[in-house]
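# Analysis of the macromolecular model
The lines below spell out each chain.
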Amino acid sequence: AARRDCPPDVESLGRATWSFLHTTAAYYPERPTARQRAHMLSLIHALPVLYPCSHCAGDFDEDVKGNPPDVSSRGALSRWLCERHNAVNEKLGKTRFDCAIESTDARWKDGPADGSCD
Ligand code: FAD
C-alpha cells in the first residue's frame, strides 16, 4: 500500500495525462462542432501553461508551436496527439507507437482484436 497514496511523480502523472488525452481524442467527434474544436484547442494550449512539470511543458510548447493541433476530426486529432507523444517517446528513448487509427483505437477505445480487454 506504500506508493499508492504518494503524490504523482513525472512518470505516473505522464501516464495519467496521456490516458486522459488519448482517450478524449479517441472519443472526440468525427465532425466536431465549432465549440468542441475551440475547447479542444484550449485544452491543448493550456498544457504548456499549466502542466506541473516545467521542462515537460516547455518542450511540449516548442513541439506544438512547430506542429499546430489538428482538431478537425477524431482521426486527425488522434494522429496528431500520437505524434506528439512519439516526440516525447523519442526524447526519452522509448519505442515509437504506430499512429494508424486502428492502433490508437485498439489501445484507447476498442481494445485488442483478441478480446483480452473485453
Ligand atoms: P507513457 O509514455 O506514459 O505511455 C502510456 C501508454 O500509452 C503506453 O504504455 C502505450 O500503451 C501508449 N502509448 C505510447 N506511445 C503512444 C503514442 N505515441 N500514441 C498513443 N499511445 C501511446 N517525461 C519526462 O521524463 N520528460 C519529459 O519532458 C516529459 N514530457 C511530457 C510531456 C507531456 C505533455 C506528457 C503528458 C508527459 C510527459 N512526460 C515526460 C511523461 C512521459 O511521456 C511518460 O508518461 C512517462 O515517462 C511514463 O512512461 P511510460 O513508459 O509509462 O508510458
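In what follows, the accompanying structure is described. (Residues numbered from 1 in each chain as written. Predicted model: local features only at pLDDT ≥ 70, side-chain atom pairs only at ≥ 80, totals over all residues. Heavy atoms only, no water.)

## Considering the site of the ligand
Of all residues adjacent to the ligand, which total 22 residues, the nearest are Arg15, His85, Lys91, Lys94 and Arg107. With respect to the ligand, the side chain of Trp108 contributes an N or O atom lying 3.0 Å from a nitrogen atom. About the coverage of the ligand: the protein hides 85% of its 960 Å² of free accessible area. More than half of the atoms of the ligand fall within 2 Å of the grid points belonging to the largest pocket. Taken together, the elements giving at least two residues each to the shell around the ligand come down to α1 (10–26), α3 (54–66), α4 (74–92) and α5 (101–110). For the shell around the ligand, the per-class residue count stands at 10 nonpolar, 7 polar and 5 charged. (Near = heavy atom within 4 Å. Polar contact = N/O pair within 3.5 Å; in protein donor to acceptor, adjacent residues only side chain to side chain. Areas by Shrake-Rupley, 256 points an atom, 1.4 Å probe, with all protein chains shown as cover. 1 Å grid on protein atoms, 1.4 Å probe; cavity = no way out; pocket = protein on both sides within 12 Å on 5 of 7 lines; lining within 4 Å. Sits in = over half its atoms within 2 Å of the grid points. Helix = DSSP H or I, 4+ residues; strand = E, 2+ residues; numbered from the N terminus. Nonpolar A, V, L, I, M, F, W, Y, C, P; charged D, E, K, R; others polar.)

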